[in-house]
Structure formats: structure tokens, C-alpha cells
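# Descriptive analysis of the structure
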Amino acid sequence: MKKYLLLAFTSILFSFTPPVESYKVDLTRSKIEWTGRKVTGYHTGEIKLASGQLKVDKQKLTGGVFELNMGSITTTDLTGESANKLLGHLKSDDFFSTAENPTSKFVITKVEHQQSGKAQVTGQLTIKGITNTLSFPASIKQKNGILVAIANGVKVDRTKYNIKYRSKNFISGLGDKAIDDDFELNINIVAKK
């Protein structure tokens, strides 16, 4: 009888699946940095997160979503009138059309965990109402109810989101006025249980 009880208890114990946990993104500690390059140099800045939530199953990131506040875009390499001019242009219809598209969104659809806290993250990035698949390597650490996900140099092809301003692939003869199609993001997400 004890043997059957032990088997029944063991079966129940192993059939129990812990629930998927939800981690809320800490908007003050998380940061998104951007770099846009052109023939004659580059510009850098930041974009604030509007919201975010990550899903963790058995101590591993499995999904999530976060929104970017596109109206919060700043520049870190310029000040004064030069900065205001660049930001006004980035918010215009030539680039992100932030009045009509105040947020962008990234939905994690797949996380392939590797060794030493590394993972390949795949998801759907929506900018200006256009959605494309984006995949990149990330470093993921979790301790004491806090999850930190870091991905540097994530390349996004702006032309896939109908942002073709001064793209040499769509406009000929730009010379040193051309702007690279790819911009880069450094993503640092901090989320708490």
C-alpha cells in the first residue's frame, strides 16, 4: 500500500507544472538606445518604453511584449537648435510619423536558449503600422525575481517600414547625403516579478 501511495504522490508531483510567470518591465531602469548612420557620420539617442511585460516559464524567458513611446525619442550627440531640428525631422512623415504612430511594438514569438545565459530572440516588430520579423542574439539573466535582457547592435532595416528618406536603394545620386537603411538598437530591459 505504501508503495502505491508513493507512486501516486510521485506521479502527482511530476505532473504539476508551475504556472507561466509574468514580469513587468521597469520603465525607469530599462533603456533603448539608437544609432543612425549616414555617409558623413552618425547620430545617437534614446527612446523610452511606454509599457512592457515578459513571460517566464520554468525560469526561462518564453515570450513578452513591449511598446516604445516614439514621441519620446531624444538625441544624445546634439544639443540646442541642431538637436531640435533632427528630432523634428525624425518625428515627421519622412521618418517615424509619431503624431499618427505614437508607439512601436515588439512581440516576442520565440526564444531559443543557449548556454551561459545566451539566447536567440525572435519576434514581430511593428513600426508605423507595418510588421516584420526581427531576430537577434541576447544575454538574459534572472535572479531574485528580476530579469535582465540585453541585446546590442540590433539592426533594423528602416525601408521595410516605408522609411525611405535618402535611401540610396530607392533614390539615385545622393552621394554623401545618403542615410544607411539600417539603424541600430541597444536594448536593455529590466523586468520584475
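Above this text sits the structure in question.
Please read these numbers as outputs of a predicted model, since none were measured by experiment.

Reading the values: rules and limits
Residues numbered from 1 in each chain as written. Predicted model: local features only at pLDDT ≥ 70, side-chain atom pairs only at ≥ 80, totals over all residues. Heavy atoms only, no water. Helix = DSSP H or I, 4+ residues; strand = E, 2+ residues; numbered from the N terminus. Buried < 20%, exposed > 50% of the residue type's maximum accessible area, 1.4 Å probe, protein only. Polar contact = N/O pair within 3.5 Å; in protein donor to acceptor, adjacent residues only side chain to side chain. Contact = heavy atoms within 4.5 Å. Pairing = 2+ DSSP bridges. Core = buried A, V, L, I, M, F, W, Y, C linked by side-chain atoms within 4.5 Å.

Attention now goes to the side chain of Ser30. Take Ser30: it is sitting in the loop between strand E1 (21-25) and strand E2 (31-38). The class of Ser30 is buried, set by a relative accessible area of 11%. Among the polar contacts made by the side chain of Ser30, one reaches the main-chain carbonyl oxygen of Asp26 at a distance of 2.8 Å. At a separation of 2.9 Å, a polar atom in the side chain of Ser30 contacts the main-chain amide nitrogen of Val190. Ignoring anything within four residues of it in the chain, the contact list for Ser30 reads Val25, Leu49, Asn188, Ile189 and Val190.

Attention now moves to the pairing of strand E6 (residues 118-127). Summarising burial for E6: seven of the ten residues are buried, a large majority. Relative to E6, strand E5 (residues 103-113) is paired through eight bridges, and the arrangement is antiparallel. Its bridge partner being in E6, Lys110 is matched across the sheet by Thr122. Here E6 pairs with strand E7 (residues 130-143) via ten bridges, running antiparallel. Looking at the pairing, Ala119 lines up with Ala138 of E7. The hairpin turn running from E6 into E7, its antiparallel successor, is two residues long, and Lys128 in that turn takes a positive phi close to 55°.

Our next topic: the nonpolar core. In terms of nonpolar packing, the biggest core is built from 42 residues, with Leu54, Phe96, Phe136, Ile187 and Ile189 touching the most fellow members. With six residues, strand E9 (residues 179-192) is the largest single contributor of residues to this core. The residues contacting Ile189, other than those within four sequence positions of it, are Val25, Ser30, Ile32, Leu49, Leu54, Phe66, Leu147, Val148 and Ala149.

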